[in-house]
Amino acid sequence: MSLRLGDDAPDFAADTTDGEIRFLDWKGDSWVVFFSHPADFTPVCTTELGRASGLNDEFAKRGVKMIAVSVDPVEDHRAWAPDIGEVTGHALAFPIIADPDHRVSELYNMIHPGEGDTSTVRSVYFIDPRNKIRTIITYPKSVGRNFDEILRVVDALQATDANPISTPVDWRPGDRVIVSPTMTTDEARERFDNVEELKPYLRYADAPSS
Ligand code: BEZ
């Protein structure tokens, strides 16, 4: 059965470029961005892993660990890793899981047979400190992901966990937010700055500081 938002992230043991791990032990109480790529020594994947590595410090500042997976063996991951640094200028900054028997990829529904073969598509799972799956996005093999968007989703999840707010279309950190429908406008004015009621159901406020 495929995983859904709010489900517990399934645990597994696997070999990675950093050695054997048990996923939830490795994760601890961090946020995790867990993403699949189709194959090693492929062009789009090389650019994605480089960009993700370049943003690793930004993810770490937000308490997020990154980890990737593909169905290639660990020796291939290790042989490919130097290309990522050479081509993109960013050395691989997080582990890649080896999944030649597809155990992990199938557990996380990352293989979509309609996408050509039995390699993984470009799935991204956002897992929170309580091990709950909070966002899932899936791209086809031919379309490289936007890791600025992945970072933005982390910011939005953390912002909406910290306060009774939602984030509007195209929101970026620092932009105004939408007051949760669970609050009255009077309650919102006590809690947030510059509350503006465009409609009874659409109230904007300045982003709270925490
Ligand atoms: C790539 O990373 O370039 C790629 C991998 C598999 C299928 C299509 C593109």
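See above for the structure.
Here, residues in each chain are numbered from 1, in the same order as that chain's written sequence. In keeping with the model being predicted, local features are shown solely for residues with a pLDDT of at least 70 and side-chain atom pairs are shown and tallied solely at 80 or more, while totals for entire chains, interfaces and linings include all residues. Values shown for side chains rest on all heavy atoms present in the structure; no hydrogens or waters enter the calculation.

Visitor: Quick question: what am I supposed to make of the site of the ligand here?
Guide: In the region of the ligand, the neighbouring residues are Pro38, Thr42, Pro43, Val44, Cys45, Arg122 and Lys141. Here a polar contact means two N or O atoms within 3.5 Å. Within protein one must be a hydrogen donor candidate and the other an acceptor candidate, and residues neighboring in sequence count only if both atoms are side-chain atoms. Contacts to the ligand include Pro43, whose backbone N or O atom sits 3.3 Å from an oxygen atom. Note on areas: Shrake-Rupley with a 1.4 Å probe; residue coverage comes only from the protein chains shown. Isolated, the ligand exposes 260 Å² of accessible area, and the fraction of that covered by the protein chains is 73%. Under the DSSP-based scheme used, a helix requires at least four consecutive residues in state H or I and a strand at least two consecutive residues in state E, with every element numbered from the N terminus. Sorting elements by how many residues they give to the shell around the ligand places helix 2 (residues 43-54) first, with 3 residues. Across the shell around the ligand, the residue classes break down as 4 nonpolar, 1 polar and 2 charged. For this description, a residue counts as near a given molecule or strand if any of its non-hydrogen atoms is within 4 Å of it. For this classification, the nonpolar set comprises Ala, Val, Leu, Ile, Met, Phe, Trp, Tyr, Cys and Pro, the charged set comprises Asp, Glu, Lys and Arg, and every other residue, Gly included, is treated as polar.

Visitor: How do you make sense of the sheet that holds strand 2 (residues 19-22) when you look at a structure like this?
Guide: Through backbone hydrogen bonds, the strands of a sheet pair up, either in parallel or in antiparallel fashion. Two strands qualify as a pair provided DSSP detects at least 2 bridges between them. The mixed open sheet is built from 7 strands, whose spatial order is 2-1-5-4-3-6-7. Since the sheet does not close on itself, it has two edges, and those belong to strand 2 and strand 7 (133-139), each with one partner. Ignoring strand direction, the axes of neighbouring strands in this sheet form an average angle of 30°. The pairing of strand 3 (residues 31-36) with strand 4 (residues 64-70) spans 6 bridges and is classified as parallel. What sits directly across from Phe35, in strand 4, is Ala68. Where helices are involved, their axes are fitted lines through C-alpha atoms of the stretch in contact, as for all axes, and angles between N-to-C directions lie from 0 to 180°.

Visitor: Just checking my understanding: could you explain the pattern of salt bridges for this structure?
Guide: Where charged atoms from two side chains of opposite charge approach closely, those side chains can pair. Any Lys or Arg side-chain nitrogen found within 4 Å of a carboxyl oxygen on Asp or Glu counts as a salt bridge. Taken as a whole, this structure holds 15 salt bridges when the rule is applied. Ionic pairing is found between Glu48 and Arg145, a salt bridge with its closest N-O pair at 2.6 Å. Note that Glu48 is positioned in helix 2 and Arg145 in the loop between strand 7 and helix 6 (147-162), a separation of 97 residues in sequence. Summarising the burial analysis for this pair, Glu48 and Arg145 share the class buried. Across the pair Arg62 and Glu58 runs a salt bridge, and its minimum N-O distance is 2.8 Å. Judged by its relative accessible area of 22%, Arg62 falls in the partly exposed class. For every residue, the accessible area (1.4 Å probe, protein chains only) is compared with the maximum for its type, and the residue is labelled buried under 20%, exposed over 50%, or partly exposed between those bounds. Note on Glu58: relative accessible area 26%, which makes it partly exposed.

Visitor: Explain the packing of helix 2 against helix 4 (residues 74-88) here, please?
Guide: Helix-helix packing: each pair is described by the crossing angle between the helix axes and the interaxial distance. Packing of helix 2 against helix 4 brings their axes to within 9 Å, and their N-to-C directions diverge by 75°. Comparing the axis directions of helix 2 and helix 4 gives the class roughly perpendicular. In this structure, helix 2 uses Cys45, Thr46, Thr47, Leu49 and Gly50 to contact helix 4, whose residues at the interface are Trp80, Asp83, Ile84, Val87 and Thr88. Considering only residue class, the contact of helix 2 with helix 4 consists of 5 nonpolar, 4 polar and 1 charged. Here roughly perpendicular refers to angles of 65 to 115 degrees, roughly parallel to angles under 35, roughly antiparallel to angles over 145, and oblique to all remaining angles. Residue contacts are defined here by distance: any two heavy atoms, one from each residue, within 4.5 Å place the two residues in contact.

Visitor: Looking at this model, I keep getting lost on the pairing of strand 6 (residues 122-127). Mind explaining?
Guide: Put simply, side chains in a regular strand alternate between the two faces of the sheet. With 6 of 6 residues buried, strand 6 lies mostly within the body of the structure. Residues Arg122, Val124 and Phe126 line one face of strand 6 and the alternating positions Ser123, Tyr125 and Ile127 line the opposite face, and both faces are buried. In this structure, strand 3 lies alongside strand 6, joined through 4 bridges in antiparallel fashion. When the sheet's bridge partners are listed, Val33 is paired in strand 6 with Phe126.

Visitor: Help me out: how do you make sense of the nonpolar core in this one?
Guide: Across soluble globular proteins, nonpolar side chains show a tendency to be buried alongside one another. In terms of nonpolar packing, the biggest core is built from 23 residues, with Val33, Phe35, Leu49, Phe59 and Phe126 touching the most fellow members. If you tally residues by element for this core, the top one is helix 6, at 6 residues. What Phe59 contacts, discounting residues up to four positions off in sequence, is Val33, Val64, Met66, Phe147, Ile150, Leu151 and Val154. Residues belong to one nonpolar core when they are buried, are Ala, Val, Leu, Ile, Met, Phe, Trp, Tyr or Cys, and are joined through side-chain atoms within 4.5 Å. Grouped together as the second largest cluster of nonpolar side chains are 18 residues, Ala9, Val32, Phe34 and Val104 included.

Visitor: What exactly am I supposed to notice about the packing of aromatic side chains here?
Guide: How two aromatic rings sit relative to each other is set out by the distance from centre to centre and by the angle between their planes. In summary, the pairing rule links any two rings of Phe, Tyr or Trp, Trp by its six-membered ring, whose centres are within 6.5 Å, and it sorts them by plane angle into stacked for under 30 degrees, edge-to-face for over 60 and tilted for everything else. This model, assessed by the stated rule, comprises 10 aromatic pairs. The interplanar angle of 40° and the centroid separation of 5.3 Å between the aromatic rings of Phe23 and Phe34 together place this pair among those described as tilted. Here Phe34 lies in strand 3 and Phe23 lies in helix 1 (residues 23-27), a separation of 11 residues in the sequence. Comparing Phe23 with Phe34, the two get one shared label, buried. Consider the rings of Phe23 and Tyr108, whose centres lie 6.4 Å apart with planes at 80°: the pair is edge-to-face. One end of the pair, Phe23, is in helix 1; the other, Tyr108, is in the loop between helix 5 (103-107) and strand 6, and 85 residues separate them in sequence. Looking at Phe23, the relative accessible area reads 0%, which means it is buried.

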